[in-house]
Amino acid sequence: MTRPGEARRRTKRGAWAALCLAACALTADLPASSPAARAQWSAAHETARKMGRGVNILGYDGIWDGGVDAPFKEDYFRRIHATGFRHVRINLHAFKYMDVTNRIQPLVLDRLDWVIGQALRNDLIPVVDEHDFSDCQRLPEACGVKLIAFWKQLSARYAGKYPGLVFEILNEPGGRMTPAWWNFLAATILNDIRVRNPTRTVIVAAINSDDAGEVRTLELPANDPNVIVTVHYYKPMAFTHQGAEWSRKFAKTTGVDWGSAADKQQVTRDFDLIAAWAAGAGCPIYLGEFGVYDRADMDARSRYLSFVAREAERRGWAWAYWQFDHDFALFDSEREQWVRPVLDALIPPASAAPDGKASRF
Ligand code: GLC
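Residues numbered from 1 in each chain as written. Predicted model: local features only at pLDDT ≥ 70, side-chain atom pairs only at ≥ 80, totals over all residues. Heavy atoms only, no water.

Asks: Can you walk me through the overall build of the protein in this structure?
Replies: Regarding its fold elements, the protein presents twelve helices and ten strands. Relative to its full complement of 361 residues, the protein shows a buried share of 57%. Long-range contacts, defined as pairs at least 24 residues apart, comprise 80% of the intrachain contacts of the protein with a sequence gap of at least 6. For the protein, the accessible area works out to roughly 14,800 Å², and carbon and sulfur atoms hold 54% of it. (Helix = DSSP H or I, 4+ residues; strand = E, 2+ residues; numbered from the N terminus. Buried < 20%, exposed > 50% of the residue type's maximum accessible area, 1.4 Å probe, protein only. Contact = heavy atoms within 4.5 Å. Areas by Shrake-Rupley, 256 points an atom, 1.4 Å probe, with all protein chains shown as cover.)

Below, the structure is given as structure tokens:
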């Protein structure tokens, strides 16, 4: 498994002058958010409310390649729901399954159908998240071509099907992608999706960055009532990514604690800023990823996860933990059981009804 380092969280406004000029000209035509439009955002709010608590799944599972090294079992959908989660964010790295004409391998689409079907059968809202952020952050232009092709095919395949299915255009835009380019690309794809999926909820990410204020650079169409905005939260990276082997900066970091008043204030400050922007834009927020790598002290990890999850809930945000298994794990695939302290931090036992339904969502 290769994973990009923490550099992906840096937002570089690079040498994209020509591209940016074109993008700026196009996005300038998008109508700005208005109070009248805001009042119509209820469809997205309703989906976000139903999504409630969720978890990221299948990002690094061999299911997409036909089942080799694929620890995720069919029964896990049932277990995820029974534990109190209400949605799954399906992390699909689709680019590697596209041919030279950008056609997605039919077998991979069949597997995606199966995953979506299993989620729905188990009362979990499926969110299809295109997860090729690493390629996209490095080569925004090539990414744009592939991403547009990807969503054209998914829009056609799921037109009039699975009304509960949610699309998420791209995981963590950023890196060499300027906000103008991203606004242009997201608007283009959203328009394409709307041709055949006029009422589907679509999630659009804010440029991924350590700076919560970056959300302000996102431009949304005023007349689309069914868009949710997503943000991720891993701050501070020295804590959440300590010991992560792929991290150039934090691979050797150990023993970083979390939980002081100042630590908590940082989270509330960042979330307040995002919430204030969302109130103005009239859109719901989805905290699509947060998590702590397995090397951190478990008590500190629990403290962080429960604080972040409760702060998101306090603001009415749906959230998804990063991630079900593999690393940052919520579920121990070898023992086939939940990592209890992580689960309890995310879904406090007191908030789960006896039948496993979380009372809050
Ligand atoms: C990221 C990614 C994910 C990665 C995780 C932890 O934001 O979306 O693929 O593994 O964070 O670093």
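Resuming the write-up.
Asks: Explain the pairing of strand β6 (residues 227–233) here, please?
Replies: Across a regular strand the side chains alternate sides, sitting on one face of the sheet and then on the other. Of all seven residues that make up β6, seven are buried, and the element is covered over most of its length. Burial along β6 is two-sided: Val227, Val229, Val231 and Tyr233 and Ile228, Thr230 and His232, pointing in opposite directions, are all buried. Bridge count between strand β5 (residues 202–205) and β6: four bridges; the pairing is parallel. Residue pairing in the sheet places isoleucine 203 in a bridge with isoleucine 228 of β6. (Pairing = 2+ DSSP bridges.)

Asks: Could you clarify how one ought to interpret helix α10 (residues 261–281) in this entry?
Replies: Count 3.6 residues to each turn of an α-helix, and residues three or four apart come out pointing the same way. Counted at 1.5 Å a residue, the expected span for α10 with its 21 residues is 30 Å, and the 30 Å between its end C-alpha atoms agrees. For α10, every residue scored as buried is listed here: Val267, Thr268, Asp270, Phe271, Ile274, Trp277, Ala278 and Ala281. Glycine 282 sits one or two residues past α10 and shows a positive phi near 75 degrees. (Expected span 1.5 Å × (residues − 1).)

Asks: For this particular structure, what's the right way to read the environment of glycine 282?
Replies: On the secondary structure map, glycine 282 appears in the loop between α10 and β7 (285–290). By relative accessible area, glycine 282 is classed as buried at 11%.

Asks: What is the right way to look at the side chain of glutamate 289 in this model?
Replies: One can find glutamate 289 in strand β7. Judged by its relative accessible area of 4%, glutamate 289 is buried. Side chain to side chain, glutamate 289 and tyrosine 234 meet in a polar contact 2.6 Å long. Apart from the residues within four sequence positions on either side, glutamate 289 is in contact with Asn56, Arg89, His131, Asn171, Glu172, Val231, His232, Tyr233, Tyr234, Ala320 and Trp322. (Polar contact = N/O pair within 3.5 Å; in protein donor to acceptor, adjacent residues only side chain to side chain.)

Asks: Can you walk me through unusual backbone geometry in this structure?
Replies: Among all residues except glycine, the phi angle is most often negative; among peptide bonds, the trans geometry is most common. Going from lysine 235 to proline 236, the amide bond is cis rather than trans, its omega being -10 degrees. Relative to the elements of secondary structure, proline 236 occurs in the loop between β6 and α9 (237–240). One non-glycine residue, glutamate 172, lies in positive phi territory at about 45 degrees. Mapped onto the elements, glutamate 172 comes out in the loop between β4 (166–168) and α8 (179–196). On the accessibility criterion, glutamate 172 (3% relative accessible area) is buried. Even without a glycine there, the phi angle at histidine 326 is positive, about 80 degrees. Checked against the element boundaries, histidine 326 lands in the loop between β8 (318–321) and β9 (331–332).

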